Amino acid sequence: MWRNAVTPLDPEKPLLGFRALFACPTYGNVDPHCAKHLRVAVMSAASKGLHWAGDISPDRLGYSFARNSVASMARRFPDEFDGVMWVDSDIVCHPDSIIRLLTTARTHNLDFVTGVYHSRKPPNLPILYHWEPKIERYLQCVTYPKDTTISADACGFGFVWTSTRLINAIAEAPFFQPKEGWFPDRRDVGGFGEDISFGDHARHLEPRIQLYVDTGVQVGHLGDAEVIWEKQFRDRNLTIDSPEIQTRVVEANWGAKA
């Protein structure tokens, strides 16, 4: 269950007093369309009271190494900020995207919350996962409700808030391996990819720190020829029994125990 904020938020400046590190890992050339929209979202959040404590965005590093370097840098200054706002460089934000996600996090004292973006390739499923214990596998969500906050077990890290508390809790957990860090990429040995690995770490904490999804915070995902939005996903009217779902290949790293 989430925890309500101790004091009511200022409706004009709901992020006043909230401190965030900014992390936008880049893995190559940055699309100017994404960069422009991200700048507006960052400045809009500041106008609502958010204090950007620093920019720790890594450039041109491997996925796992880039994300681990952010978490490691964040851990060095635990008292100077409340958490990390992660935005991938291929995400297209609305002006209020960061405001809405962090207001949800602050209102309910959430340590781990994501907005929604969708896979580039058809059927454009949301990059959200739930753990299915019967088959010991992470399954990608096929449907989700609109404009609400739900729980999930793992997600992509394209548009995510993680608190300092969560980053520290994982680093102090008995299962934490410093050489692999918060985002181990074990796909080469049949394990999880780096983003699912982080969610898996959070799921195994004692007590567990729950991942939440604000489905009202929708951001675009830059595809090869177009930006993928919620509409492309909704227009397909998918269910668990849809042929596109029943015939899709389930990636091995979603369900391995390694």
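Higher on the page you've got the structure.
Residues numbered from 1 in each chain as written. Predicted model: local features only at pLDDT ≥ 70, side-chain atom pairs only at ≥ 80, totals over all residues. Heavy atoms only, no water.

A. Up close: helix α4 (residues 164-171). Counting buried residues along α4, six of its eight residues qualify, which places the element largely inside the surrounding structure. Taken as a whole, α4 has its buried residues at Thr-164, Leu-166, Ile-167, Asn-168, Ile-170 and Ala-171. At its buried positions, α4 is contacted by α2 (63-76), β3 (83-87), β5 (112-116), β10 (159-163) and α5 (194-203). (Buried < 20%, exposed > 50% of the residue type's maximum accessible area, 1.4 Å probe, protein only. Helix = DSSP H or I, 4+ residues; strand = E, 2+ residues; numbered from the N terminus. Contact = heavy atoms within 4.5 Å.)

B. View of the packing of aromatic side chains. A complete count under the given rule lists 13 aromatic pairs for this structure. With centroids separated by 5.6 Å and ring planes inclined at 85°, the aromatic side chains of Phe-22 and Trp-52 adopt a geometry described as edge-to-face. With a gap of 30 residues between them, Phe-22 in strand β1 (residues 19-23) and Trp-52 in strand β2 (residues 51-55) connect regions that are remote in the sequence. We note that Phe-22, like Trp-52, is buried. Three or more aromatic residues joined by ring pairs make a cluster, and in this case those are Trp-86, Phe-112, Phe-157, Phe-183 and Phe-198. Against the face of Trp-131 rests Arg-203, its NZ or CZ located 4.5 Å from the ring centre. Above the ring of Tyr-144, the side-chain terminus of Arg-234 is found at 4.4 Å from the ring centroid. (Phe/Tyr/Trp six-rings, centres within 6.5 Å; stacked < 30°, edge-to-face > 60°. Lys NZ or Arg CZ within 6 Å of the ring centre and 35° of its normal.)

C. Quick peek at the sheet that holds β5. Strand order in the open sheet formed by seven strands is β2-β1-β3-β10-β5-β11-β8, with mixed pairing between adjacent strands. For this open sheet the edge positions go to β2 and β8 (149-152), each flanked by a neighbour on one side alone. Averaged over all pairs of adjacent strands, the angle between strand axes in this sheet comes to 25°, irrespective of strand direction. The pairing of β5 with strand β11 (residues 211-218) spans three bridges and is parallel. Its bridge partner being in β11, Val-113 is matched across the sheet by Tyr-212. Against the sheet, helix α1 (residues 32-47) engages β1, β2 and β3, with an angle of about 135° to β2. (Pairing = 2+ DSSP bridges. Axes fitted to C-alpha atoms, helices over the stretch in contact; angles between N-to-C directions.)

D. A look at the side chain of Arg-67. Here Arg-67 shows up in helix α2. Judged by its relative accessible area of 2%, Arg-67 falls in the buried class. If sequence neighbours within four positions are ignored, Arg-67 has contacts with Pro-25, Tyr-27, Trp-86, Asp-88, Phe-157, Phe-183, Glu-194 and Asp-195.

E. View of the sheet that holds strand β4 (residues 91-92). Here three strands make up an open sheet; going across it, the order is β4-β12-β13 and the pairing antiparallel. Only two strands of the sheet have a single partner each, and these edge strands are β4 and β13 (227-228). As judged from the two bridges shared by strand β12 (residues 220-222) and β13, these two strands associate in the antiparallel manner. Bridge pairing links Leu-222 to Val-227 in β13.

F. Layout of the nonpolar core. One finds Val-84, Trp-86, Phe-112, Leu-166, Trp-182 and Phe-198 to be the most contacted residues of the largest nonpolar core, which totals 37 residues. Listing elements by their share of this core, those giving two or more residues are β1, α2, β3, β5, α4, α5 and β11. The element that contributes the greatest number of residues to this core is α4, accounting for four residues. Filtering out sequence-adjacent residues up to four positions away, Trp-182 remains in contact with Asn-68, Ala-71, Ser-72, Arg-75, Ile-167, Ile-170, Ala-171, Phe-176, Ser-197, Phe-198 and His-201. Residues Ala-20, Val-87, Tyr-138 and Ala-154 belong to the second largest nonpolar core, which totals 35 residues. (Core = buried A, V, L, I, M, F, W, Y, C linked by side-chain atoms within 4.5 Å.)

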